[in-house]
Amino acid sequence: MTSRPPRLNSAGTSCKPASAAEPARVAGASTDAALNAQLALAAALLGKGQAASALSQLKRLQKTALKSGVMAAARVQLLIGQAHAAQGAHNDAMAAWVGALERVAGEPDITIEGCLLLGELHLEQGEAAQAYELIELGCGLAHGRPVAMRAHIDLAAALIALGELALARTALDVAHGQRAMVEHLPLHARLQQLYGVLAEASGDADRARGCFEAALHLQRQAGNAAGQAESLLALGRLALSAAEDDAAEQALQAALALAEQLSSPLLSRDARLALSGLFEARGDFVRATRHYVEYYQRQQRIAGQRRRRAVSNRRLAHIETRLKLLTSEIELWQLREESDAGRLRMRELQEAAYRDALTGVYNRRALNERLPELLAEAEIRQQPLSLLLIDFDHFKQINDRYSHAVGDMVLRAGATLFRDERRSVDLLARYGGEEFALLLPGAGLARARDAAERLRERVESFQWGTLEPGLAVTVSVGCAELAGGDSSDILFSRADLALYMAKRNGRNRVSVESGI
């Protein structure tokens, strides 16, 4: 039980006589303060990319930490693991983190940190499913704590690796809402970096570049060399995909220089591979080959390290099982306190998995899962069902002439118009880039054609100039009605054929598959 501090008199001195234990207590507090200062210094060295110096200092602190108790020893081990990871020694990192978790199993802060660090390491090694499981455990425990921002950023990174981009955006938005609680610049930079990854995946190169540049600026402010290298690498790849060779080379060479300075095999490997591709595209096969050989050698060393795992798979599996049990117990307690917030978060994440991040309507995943049910229901009830495929005319020209940002506004405004016109039983989904699908249960082809005409006219008459002067937008619509024996693929093929005819006949028109 913790002792109460002595009551002070008006002079600021203790009202009770000094005991024999007082000097020991003061000495203990002084030792703890000194240890905390040393740990903070080591963490700062890690943040600046000086992993070797941090590791040397942390190893000297191990004996002191053991005297201060298991919690202090576990904190030192976690930082030692981070130093090993920064140098590419993933096996040593994993051993240190597992040791820390074994030392203080069940302590929430260490458990959260251990879950996130192990998850990040799995992610770096391309093991996205294992990473997601561990990070999700840590994320659940982190609710309401400052570490929640980092946990949601890690969760987003794992979801991106799993291809769940809509869920990843939701996790990033949650982290963005928590940024006021955290002043850690590298974490804010990582948030921008992942927003850039999502923008690049959606084809918005301008937005991606802006996010990567913002991340680079924050990492430079923080003096985080590893973070700078990551942002430069992303900017270089982006420039390379846009055929901006000079900008790509400058960014990639800068990323490589930082990676070599940090002795980071992963960053160095990725930079070498990108530079090899750049020089090969230029026809400079000598430099392309040199960079590829360097890439291959680093890749082989990394693969060899993974084969020589310092922590046995059995031990790691045992620790991860214990983590799940411990986090389940802590989560039960947290859910009793915050059950409503927990359920709301889960509902939001589940809903986001079926929503298009840009427009808010259902996505293709939702359409693919719901469509067979609607087809079966129509067959059982002997009711008609029709499909509209809606495509924005000359959408690439809108992007090229006005920018991708204006193109995004067009898609969002169009989705709103479609939502306003649909019935409550209809299912609206974004089917592709500028293509939407509208399923009309209970509607035959004639009613579907009428609905399509209303949509077409609504889009044509909308005041698009309020979004961008001179902007005009139209859509073409293909209609098809479900016929006996149709599968979902056949129904879509027939609607797609009707859409093709609408485009071929001049666009801004409705075409029906049977010619009614």
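Refer to the preceding data block for the structure.
Residues numbered from 1 in each chain as written. Predicted model: local features only at pLDDT ≥ 70, side-chain atom pairs only at ≥ 80, totals over all residues. Heavy atoms only, no water.

1. Structural notes on the overall build of the chain
Stated precisely, the cut-off is as follows: Secondary structure counts use DSSP, requiring at least four H or I residues in a row for a helix and at least two E residues in a row for a strand, with both numbered from the N terminus. Only protein chains enter the accessibility calculation, which uses a 1.4 Å probe; a residue whose area is less than 20% of its type maximum is buried, one above 50% is exposed, and one in between is partly exposed. Residues are treated as being in contact if the distance between any of their heavy atoms lies within 4.5 Å. For the area figures, the Shrake-Rupley method with a 1.4 Å probe applies, and any residue is considered shielded solely by the protein chains shown.
Scanning the chain for helices and strands turns up 20 helices and five strands. The burial tally for the chain puts 45% of its 516 residues in the buried class. Expressed as a percentage of contacts within the chain between residues at least 6 apart in sequence, the contacts between residues at least 24 apart total 64%. As presented, the chain carries roughly 25,700 Å² of accessible surface, and 51% of it is formed by carbon and sulfur atoms.

2. Looking at the sheet that holds strand β3 (residues 435-441)
To keep it simple, the criterion reads: Between any two strands, pairing holds if DSSP finds at least two bridges. Lines fitted to C-alpha atoms define the axes here, with helix axes fitted over just the stretch in contact, and angles between the N-to-C directions of these axes take values from 0 to 180 degrees.
Read across the sheet, five strands follow the order β2-β3-β1-β4-β5 without closing on themselves; strand pairing throughout is mixed. Each edge of the open sheet carries a strand with a single partner, namely β2 (427-430) and β5 (510-512). Strand-to-strand twist across the sheet, computed as the mean angle between neighbouring axes with direction ignored, equals 15 degrees. When strand β1 (residues 385-392) meets strand β4 (residues 475-481), the two strands line up antiparallel, connected through seven bridges. Residue pairing across strands places serine 386 opposite glutamate 481, the latter belonging to β4. Each of β1, β3, β4 and β5 touches helix α19 (residues 445-461); the most contacted strand, β4, lies at about 170 degrees to it.

3. Focus: the environment of alanine 205
For alanine 205, the location among the structural elements is in helix α10 (residues 205-222). Judged by its relative accessible area of 32%, alanine 205 is partly exposed. Measuring from C-alpha to C-alpha, the distance between alanine 205 and serine 241 comes to 9.5 Å, with 36 residues separating the pair along the chain.

4. With respect to the nonpolar core
Our working rule: What makes a nonpolar core is a set of buried Ala, Val, Leu, Ile, Met, Phe, Trp, Tyr and Cys residues whose side-chain atoms join them at distances within 4.5 Å.
In terms of nonpolar packing, the biggest core is built from 34 residues, with Leu388, Ile390, Phe392, Val410, Phe418 and Phe436 touching the most fellow members. In terms of residue count, helix α18 (residues 404-421) provides more of this core than any other element does, seven residues in total.

5. Some remarks on the environment of aspartate 496
As for its placement among the helices and strands, aspartate 496 is situated in helix α20 (residues 488-504). Taking C-alpha positions, aspartate 496 is 8.6 Å from alanine 480, a pair spaced 16 residues apart along the chain.

6. Focus: the pattern of salt bridges
To be explicit about the condition: By definition, a salt bridge exists where a carboxyl oxygen of Asp or Glu is found within 4 Å of a side-chain nitrogen of Lys or Arg.
Applying the stated criterion to the full structure yields 31 salt bridges. With a closest N to O distance of 3.8 Å, arginine 454 and glutamate 421 form a salt bridge. Placement of arginine 454 in helix α19 and of glutamate 421 in helix α18 is noted, with a sequence separation of 33 residues between them. Using a relative accessible area of 44% as the deciding quantity, one classes arginine 454 as partly exposed. With a relative accessible area of 28%, glutamate 421 lands in the partly exposed category. Across the pair aspartate 426 and arginine 423 runs a salt bridge, and its minimum N-O distance is 2.7 Å. Taking relative accessible area as the criterion, aspartate 426 reaches 8% and is therefore assigned buried. Salt bridges linked by common partners bring Glu120, Arg150, Asp154 and Arg190 together as one network.

7. Overview of helix α6 (residues 128-141)
Selection criterion: To estimate the expected span of a helix, count its residues, drop one, and scale the result by 1.5 Å.
Spanning 14 residues, α6 covers 20 Å between terminal C-alpha atoms, matching the ideal 20 Å at 1.5 Å per step. The element α6 is extensively covered by neighbouring structure, given that 10 of its 14 residues are classed as buried. Taken as a whole, α6 has its buried residues at Ala128, Ala131, Leu134, Ile135, Glu136, Leu137, Gly138, Cys139, Gly140 and Leu141.

8. Points about the side chain of aspartate 426
Selection rule: Throughout this description, a polar contact denotes any pair of N or O atoms lying within 3.5 Å of each other; where both atoms belong to protein, one of them has to be capable of donating a hydrogen while the other can accept it, and for residues adjacent in sequence the pair is counted only when both atoms sit in side chains.
Relative to the helices and strands, aspartate 426 resides in the loop between α18 and β2. Among the polar contacts listed, one links the side chain of aspartate 426 to the side chain of arginine 423, at a separation of 2.7 Å. Every residue in contact with aspartate 426, bar those within four places of it in the chain, is listed here: Leu438, Leu439, Leu440 and Pro441.

9. What about the packing of α10 against helix α11 (residues 225-241)?
What counts is decided by this rule: An angle below 35 degrees is read as roughly parallel, one above 145 as roughly antiparallel, one from 65 to 115 as roughly perpendicular, and any other as oblique. Note: crossing handedness is left-handed where the near helix turns anticlockwise from the far helix by less than a right angle, and right-handed where it turns clockwise. Gly falls in the polar group here, along with every residue not listed as nonpolar (Ala, Val, Leu, Ile, Met, Phe, Trp, Tyr, Cys, Pro) or charged (Asp, Glu, Lys, Arg).
Their axes nearest at 8 Å, the elements α10 and α11 cross at an angle of 160 degrees. Here α11 runs roughly antiparallel to α10, going by the angle between their axes. The two elements α10 and α11 cross, and the hand of that crossing is left-handed. Residues Ala205, Ala208, Arg209, Phe212, Glu213, Ala215, Leu216, Gln219 and Arg220 of α10 touch α11, and the partners they reach there are Gly227, Gln228, Ser231, Leu232, Ala234, Leu235 and Leu238. Tallied by class, residues from the contact of α10 with α11 come to nine nonpolar, four polar and three charged.

10. Some points on helix α7 (residues 148-161)
In this model, α7 (14 residues) spans 20 Å end to end at C-alpha, consistent with the 20 Å of a helix rising 1.5 Å per residue. Of all 14 residues in α7, 13 are buried; the element is thus mostly enclosed. One or two positions beyond α7, positive phi appears at glycine 163, with a value near 85 degrees.

11. Focus on the environment of leucine 35
Positionally, leucine 35 belongs in helix α1 (residues 22-47). As for leucine 35 and valine 76, which are separated by 41 residues in sequence, their C-alpha atoms are 9.6 Å apart. Those residues in contact with leucine 35, other than ones at most four positions away along the chain, are Leu61, Ala65, Ser68 and Ala72.

12. With respect to unusual backbone geometry
We note that arginine 507 has phi near 70 degrees; this positive angle belongs to a residue other than glycine. Checked against the element boundaries, arginine 507 lands in the loop between α20 and β5. The phi dihedral of asparagine 508 falls on the positive side, at around 55 degrees, and the residue is not glycine. Mapped onto the fold, asparagine 508 is located in the loop between α20 and β5.

13. Looking at the pairing of β3
Of all seven residues that make up β3, six are buried, and the element is covered over most of its length. In this structure, β1 lies alongside β3, joined through seven bridges in antiparallel fashion. In the strand pairing of β3, isoleucine 390 is matched with phenylalanine 436. The pairing of β2 with β3 spans four bridges and is classified as antiparallel. Of the residues in β3, the one forming a bridge with arginine 430 is phenylalanine 436. Between β2 and β3, which pair antiparallel one after the other, the connecting turn spans four residues.

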